[in-house]
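Survey of secondary and tertiary structure
So the chains spell out like this:
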Amino acid sequence: MGGFLTNLALHIIPGAMLGWLSAEVFLRNPLHRLNRLASIVFALMAMQFGATFLASFFPEADAAKLVNGLLIVPTCVLGFLMMFFVRELGVQSGKLPVRYLDIALAVPFVLIVLVVSQPGVYGAYGGNLALNQREGAQAGLIVLAATVWLYASAVWMIGWNKARNASDSIGSQHAQAGLGILAGAAVTLTAIVAGQSEFAAAYAHLIGLYAMLLFAFFIRRAILHYGLMPSVMEKYRVLFELSPFGVLLLDENGQVREANPVVKLLLGLSPAELIGKPISMFLDRGERLPLGEVGSAMLEVGMVDMAGEPRRMTVHLNEVTAEGERMYCVVLQDETGRKKAEEEIWYLAYHDALTGVGNRLYFQETLSSLLQNGSEGALLLLDLDRFKAVNDRHGHQAGDKLLREIASKLRECTPSNGMLFRLGGDEFAVVLPDVGDTRQPAATAEQLLAGLTGHRGAISPDSPVTVSIGIAHWPAHGSDTTALLHAADVAMYKSKDQGRNRYSVYVQAFAGTGA
């Protein structure tokens, strides 16, 4: 009974370990070719231990076909796959220059043909002797073992010549693979020598199986400790670390669990410093993220980095489940530069380059929008009389300077609810929306005149320049931009006719009321 349990342990425990290793490598990354190949190799190794146990448990005379199907043929297939696996490992360090070595890959298939077609020669079906005592089977196993380990060693040496000058991780990967090949070859050689001894012959094949177990151990070490075959999660980790956007992983309470390096450029803290901090400490006043309210969302929020600098961020929020816990993946894209550029473009498109006030395009869009919303308001149209004389007498630079001073004074005198525009040349406009008091436009016109022509006004008393203002109300004097502008223009010319430096309100009879 003790011998049976010992034999069972010697076969089943390593076989179970190899089966577990096969599943581990496959699940690590099912899409990677090396992972799939390694999984098949380890599974066949596990089958070899099980088949060897069955071969020792059942008499060979009664289970010859079972042994041939589960031991000899899979051994040859395993030999080919092990050579192919080592070849693929060598390819990782570059294209293999010695292509004729691949001829050796045909050896296991030749042995399979011989075993299947001439079973008697290799002792698969006949005789009362154990399988590994038959000369034909022994010779076939020696040829197969020698081919596998010599091929593996040659391919490894070719790959090592390139890998030893590469990074430390690649060199360590190939060193571990080399240890596996060396250990497997050494133990296999021991098994062959032991097979010549009657005392150790019964255990020779088992020793050869443990050679494969050693090979599997070192390959597993290379996989797990040196990244020989990256897992799916490791690939995701690479994407996480190298993402050009900031990526945060938040728990249900909005605290940072993980962060990638880019976040430091956005928020001013390293990933290690961010862990445990609530995302709310970086949100601008009044901003929030809808954690727990939606599964995924994309929104733009204001954030503040550790230096107190405001930033505009596009936030991609997705609810995820990690390790059985609900979490949130937050991708941050800094829009501060883009927003600033958009604002600059908008400013250049809608503002006068000389004075900085709104231009004609901005005026037309603003007035059109106000006329459409049904509110009441007033338009004040200002014209600088005889401004051309300043340019002719003092030059355009003096004229530009005077225009800037006039625009600055008009901005000061325009009420808080009003908007100032330069329509072109020496013409300005003030728009007063939502005018509740009909006297406000006239009072505003008086303030503008006082700011331009009064004591310390922008236009000096000895200047030939005067100001004429025309006032038109909407919707009473016009319900569209063209009609309203025409009414204000008529009133402005009425001011000119009445002596300038005054304002006039449009009336249906085109009669202005002077101030």
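Everything here concerns the structure above.
Let me begin by describing the structure that accompanies this report. As the structure is a prediction and not an experimental result, all values here were calculated from the model.

Right, let's get into the packing of aromatic side chains. Here a ring pair, both rings aromatic, is described through the centre-centre distance and the interplanar angle of the planes. Per the counting criterion, the structure on display carries five aromatic pairs. Arranged with centres 5.6 Å apart and planes meeting at 85°, the rings of tyrosine 362 and phenylalanine 421 form a pair that is edge-to-face. With a gap of 59 residues between them, tyrosine 362 in helix α12 (residues 360-372) and phenylalanine 421 in strand β7 (residues 419-424) connect regions that are remote in the sequence. Overall, tyrosine 362 belongs to the partly exposed group, its relative accessible area being 25%. Taking relative accessible area as the criterion, phenylalanine 421 reaches 1% and is therefore assigned buried. Among the aromatic residues, those joined into a cluster by ring pairs are Trp346, Tyr350, Tyr362, Phe363 and Phe421. Looking at lysine 496, its charged tip hangs above the ring of tyrosine 493, at a distance of 5.8 Å from the centre.

Tracing the backbone through its elements, the reader meets tryptophan 149 in helix α5 (residues 135-163). The class of tryptophan 149 is buried, set by a relative accessible area of 8%. As for tryptophan 149 and methionine 82, which are separated by 67 residues in sequence, their C-alpha atoms are 9.1 Å apart.

Reading across from one edge, β7-β8-β6-β9-β10 is the order of the five strands in this open sheet, with mixed pairing throughout. Each having just a single partner strand, β7 and β10 (502-505) make up the two edges of the open sheet. On average, adjacent strands in this sheet sit at an angle of 20° to one another, irrespective of strand direction. For strand β6 (residues 377-385) and strand β9 (residues 466-474), the ladder comprises nine bridges, and the chain directions are antiparallel.

Another aspect to go through is the side chain of threonine 444. By the secondary structure assignment, threonine 444 is in helix α15 (residues 440-453). Threonine 444 sits in the buried class, given a relative accessible area of 3%. If we skip the residues at most four places from it in the chain, threonine 444 touches Leu380, Pro415 and Leu432.

Let us now look at the environment of leucine 213. Mapped onto the elements, leucine 213 comes out in helix α7 (residues 201-226). Spatially, the C-alpha atoms of leucine 213 and leucine 18 are 7.7 Å apart, while their sequence positions differ by 195 residues. Leaving out residues up to four positions away in the same chain, leucine 213 has contacts with Pro14, Leu18 and Phe49.

Under the criterion given, the structure shown has 13 salt bridges. Notably, a salt bridge pairs arginine 311 with aspartate 334, separated by 2.6 Å at the nearest N-O pair. With arginine 311 in strand β4 (residues 310-322) and aspartate 334 in strand β5 (residues 325-334), this residue pair connects regions lying 23 residues apart in the sequence. For aspartate 334, a relative accessible area of 30% corresponds to the partly exposed category. The residue glutamate 412 makes a salt bridge to lysine 409 at a minimum N-O spacing of 3.6 Å. Note that glutamate 412 and lysine 409 are positioned in helix α14 (residues 396-413) at a spacing of three residues, about one turn of the helix. Glutamate 412 sits in the exposed class, given a relative accessible area of 57%.

To continue, consider the packing of α12 against helix α16 (residues 481-497). Two numbers describe how α12 lies on α16: the axes approach to 10 Å, and their chain directions differ by 110°. Comparing the axis directions of α12 and α16 gives the class roughly perpendicular. In this structure, α12 contributes Phe363, Gln364, Leu367, Ser368 and Leu371 to the contact, and α16 contributes Thr481, Leu484 and Leu485. When grouped by side-chain class, the residues that make up the contact of α12 with α16 number five nonpolar, three polar and no charged.

Before going further, it helps to examine a nonpolar patch on the surface. A cluster of nonpolar side chains, namely Trp346, Tyr347 and Leu348, defines an oily patch on the protein surface of about 350 Å² accessible area. Along the chain, the position of leucine 348 falls in helix α11 (residues 336-350). On the accessibility criterion, leucine 348 (67% relative accessible area) is exposed.

Attention shifts here to α14. Its 18 residues place the ends of α14 25 Å apart at the C-alpha level, agreeing with the 26 Å of an ideal helix rising 1.5 Å per residue. Buried residues of α14: Gly399, Leu402, Leu403, Ile406, Ala407, Leu410 and Cys413, and no others. Angular distribution of buried residues about the axis of α14 spans 140°; they occupy a single face of the element. Of the residues in α14, the exposed ones pointing more than 90 degrees away from the buried face are Gln397 and Glu412.

Before going further, it helps to spend a moment on the packing of α14 against α15. Packed helices, taken two at a time, are described by the angle their axes make and the gap between the axes. The contact between α14 and α15 brings their axes to 9 Å, and the two run at 145°. Relative to α15, the crossing made by α14 is right-handed. Of the residues in α15, those in contact with Ile406, Lys409, Leu410 and Cys413 of α14 are Gln447, Leu448, Gly451 and Leu452. The residue makeup of the contact of α14 with α15, split by class, is five nonpolar, two polar and one charged.

Our focus in this paragraph is unusual backbone geometry. The amide bond that connects tryptophan 474 to the next residue, proline 475, takes the cis arrangement and shows omega of 5°. With respect to the secondary-structure elements, proline 475 resides in the loop between β9 and α16. Residues other than glycine seldom take positive phi values, yet arginine 500 does so here, at roughly 70°. Looking at where arginine 500 falls in the secondary structure, it is placed in the loop between α16 and β10.

Bringing the pairing of strand β2 (residues 256-259) into the picture now. Note: strand β1 (residues 246-250) against β2, three bridges, orientation antiparallel. When the bridges of β2 are listed, leucine 248 appears paired with alanine 259. Between the end of β1 and the start of β2, which pair antiparallel, lie five residues, with glycine 254 showing a positive phi angle near 80°.

Parameters at a glance
- Residues numbered from 1 in each chain as written.
- Predicted model: local features only at pLDDT ≥ 70, side-chain atom pairs only at ≥ 80, totals over all residues.
- Heavy atoms only, no water.
- Phe/Tyr/Trp six-rings, centres within 6.5 Å; stacked < 30°, edge-to-face > 60°.
- Helix = DSSP H or I, 4+ residues; strand = E, 2+ residues; numbered from the N terminus.
- Buried < 20%, exposed > 50% of the residue type's maximum accessible area, 1.4 Å probe, protein only.
- Lys NZ or Arg CZ within 6 Å of the ring centre and 35° of its normal.
- Pairing = 2+ DSSP bridges.
- Axes fitted to C-alpha atoms, helices over the stretch in contact; angles between N-to-C directions.
- Contact = heavy atoms within 4.5 Å.
- Salt bridge = Lys/Arg side-chain N within 4 Å of Asp/Glu carboxyl O.
- Parallel < 35°, antiparallel > 145°, perpendicular 65-115°, else oblique.
- Nonpolar A, V, L, I, M, F, W, Y, C, P; charged D, E, K, R; others polar.
- Patch = residues over 30% accessible without salt bridge, like charges linked within 9 Å, V, L, I, M, F, W, Y side chains within 5 Å.
- Areas by Shrake-Rupley, 256 points an atom, 1.4 Å probe, with all protein chains shown as cover.
- Expected span 1.5 Å × (residues − 1).
- Arc of directions from axis to C-beta.
- Left-handed = near helix turned anticlockwise from the far one by under 90°.

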